[in-house]
Amino acid sequence: MDPTISDTTFKSVLSRFCTGVTVITALAGDEPVGFSCQSFSSLSLDPPAVAFFPARTSTSWPRIREVGRFCVNILAHDQADICRALARSGTDKFAGVDWVPSENGAPRLSGALATVDCELDREIDGGDHTIVIARVTALTEHSDQPPLLFYRSAFERLHGH
């Protein structure tokens, strides 16, 4: 990073960009694996593709990468606890988390607003993160609830809902 830009300033300024919150999941054998991810975006309509950006320190992403197919769960406003559970390391992240298989077999979290089934296309170096590009294989809307939002290092909710 440019030495004139401190980590603190970088984080403070970028935290003012409100994001939705997702959980990326896969089934590694019989074991569900996943991680919380706020760095997610649609990428392309033709072909349908999305992108997300896991930290290089993630222990879950390498396991999901190995499977090659996964589900992006877009979280509802009342799923902050699920987000926190899937953000932890060294614990049974799925303890008490209800899910069913999505179209590609990855965990679809109960209560999610929508799910996007994907297949890994490629990864690109992104500094301390990796840029994952994935082909969309199925899309499903599940709920009209407000989304879970992340703003200035805290969960937020859309007003008026």
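For the structure, check the block above.
Figured I'd write up the structure that's included with this text. (Residues numbered from 1 in each chain as written. Predicted model: local features only at pLDDT ≥ 70, side-chain atom pairs only at ≥ 80, totals over all residues. Heavy atoms only, no water.)

1. Some remarks on the overall build of the protein chain
Inference 1: A count of helical and extended segments in the protein chain gives 3 helices and 12 strands.
Inference 2: For 161 residues, the compact-globule formula gives about 15 Å, and the C-alpha radius of gyration of the protein chain, at 16 Å, lands near that figure.
Inference 3: Dimensions of the protein chain along its principal axes, counting C-alpha atoms only, are 45 × 40 × 40 Å.
Inference 4: Across the 161 residues that make up the protein chain, the buried fraction comes to 37%.
Inference 5: In the protein chain, 64% of the contacts between residues at least 6 apart in sequence involve partners at least 24 apart.
Inference 6: Distance between charge centres in the protein chain, computed from 14 positive and 20 negative side chains, equals 5 Å. (Helix = DSSP H or I, 4+ residues; strand = E, 2+ residues; numbered from the N terminus. Rg over C-alpha atoms; globule rule 2.2 N^0.38 Å. Buried < 20%, exposed > 50% of the residue type's maximum accessible area, 1.4 Å probe, protein only. Contact = heavy atoms within 4.5 Å. Lys, Arg positive; Asp, Glu negative; His and termini not counted. Charge placed at Lys NZ, Arg CZ, Asp CG, Glu CD.)

2. Considering the sheet that holds strand E6 (residues 69-74)
Inference 1: Reading across the sheet, the 7 strands line up as E3-E2-E6-E9-E10-E5-E4 and stay open at both edges, with antiparallel pairing between neighbours. Among the strands making up the open sheet, the edge pair consists of strand E3 (31-37) and strand E4 (40-45). The sheet shows a mean angle of 35 degrees between the axes of neighbouring strands, direction not considered.
Inference 2: Where strand E2 (residues 22-28) meets E6, 4 bridges bridge the pair, whose relative direction is antiparallel. If you follow Ile24 over to E6, its bridge partner there is Val72.
Inference 3: Against the sheet, helix H3 (residues 80-87) contacts E2 and E3, and its axis sits at roughly 110 degrees relative to E3. (Pairing = 2+ DSSP bridges. Axes fitted to C-alpha atoms, helices over the stretch in contact; angles between N-to-C directions.)

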